[in-house]
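Descriptive analysis of the structure
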Amino acid sequence: RELTQGLKGDPTYLVVTSDGKIENYGINSICTHLGCVVPWNVAENKFKCPCHGSQYDATGKVVRGPAPLSLALCHAEVGDGDVVQYSPWTETDFRTGLAPWWK
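Residue positions are given per chain, counting from 1 as you read along its sequence in written order. Local features in this predicted model are restricted to residues of pLDDT 70 or higher, and side-chain atom pairs are both shown and tallied only at a pLDDT of 80 or more, whereas totals for entire chains, interfaces and linings draw on every residue. Working from all heavy atoms in the structure, the side-chain values ignore hydrogens and water.

**Quick word on the sheet that holds strand E2 (residues 11-16)**
The criterion, for reference: A pair of strands is labelled paired if DSSP reports no fewer than 2 bridges between them. The helix count covers DSSP runs of H or I at least four residues long, the strand count covers runs of E at least two residues long, and both are numbered beginning at the N terminus. Note on method: axes are straight lines fitted to C-alpha atoms, helices fitted across the in-contact stretch only, with angles between N-to-C directions ranging 0 to 180 degrees.
Pairing in this open sheet of five strands is antiparallel, and the strands run E1-E2-E3-E8-E9 from one edge to the other. In this open sheet, the two edge strands, each paired with only one partner strand, are strand E1 (2-5) and strand E9 (84-88). The average undirected angle you get between the axes of adjacent strands in this sheet is 35 degrees. Here four bridges tie E1 to E2, and the two strands are oriented antiparallel to one another. The residue bridging Glu2 from the neighbouring strand is Leu14, located in E2.

**Observations concerning the state of the cysteines**
Keep this limit in mind: Disulfide assignment relies on a single distance test, namely cysteine sulfur atoms paired within 2.5 Å. Any residue under 20% of the maximum accessible area for its type is buried, any over 50% is exposed, and the rest in between are partly exposed; the area is computed with a 1.4 Å probe on protein chains only.
Tallying each qualifying case throughout the model produces one disulfide. There is a disulfide in this structure between Cys36 and Cys51, and the S-S distance comes to 2.1 Å. Taking the sign of the S-S torsion, about -115 degrees here, the bridge from Cys36 to Cys51 comes out left-handed. Residue Cys36 is found in the loop between strand E3 (22-28) and strand E4 (40-41), and its partner Cys51 is found in the loop between strand E5 (46-48) and strand E6 (55-56); the two are separated by 15 residues along the sequence. You can call Cys51 partly exposed: its relative accessible area is 37%. Just so you know, Cys31 is unpaired, no disulfide at all, and the nearest cysteine sulfur is the one on Cys49, 3.9 Å from it. Residue classification places Cys31 among the buried positions, given a relative accessible area of 5%.

**Brief notes about a nonpolar patch on the surface**
What counts here: Only residues whose relative accessible area exceeds 30% and that form no salt bridge enter a patch; like-charged residues are grouped when within 9 Å of one another, and nonpolar side chains (Val, Leu, Ile, Met, Phe, Trp, Tyr) when within 5 Å. Computed with the Shrake-Rupley method and a 1.4 Å probe, the accessible areas treat only the protein chains shown as cover for residues. For this analysis, a salt bridge means a side-chain nitrogen from Lys or Arg found within 4 Å of a carboxyl oxygen belonging to Asp or Glu.
A surface patch of nonpolar side chains, about 190 Å² in accessible area, is lined by Val16, Ile22 and Val78. Overall, the relative accessible area of 41% leaves Val78 in the partly exposed class.

Following this line, the structure appears as C-alpha cells:
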C-alpha cells in the first residue's frame, strides 16, 4: 500500500497486489471516527488508527471500533504514462453490499 493524494486532496492508499498490479480501487485513509489519518500496519496486515484504536481490514472494512463505518473507496485506474487517476466510487460497496456512505 502506498499513500497518495486522492480525491479532494485526501490521503488515499493505492492498493498494490503481491504480484505488483494496481487494484481498481483506492482506500481513503481518513478514519471514520474522528478524522485521523490511519496508517497501514504491515506486520498485522490491517489499517490501525493511532488515535483511538479503530481497525480496518486490508480492504478498509471496519473490523473494530470505535469507528462506525468502513474507510471510503474511490476508483483507481492507470492512465497514459502510468499515471494513476482516481474517480468517485458511487456504486455498491463491495465490502458491505450497501450503498456508499461517503456519496
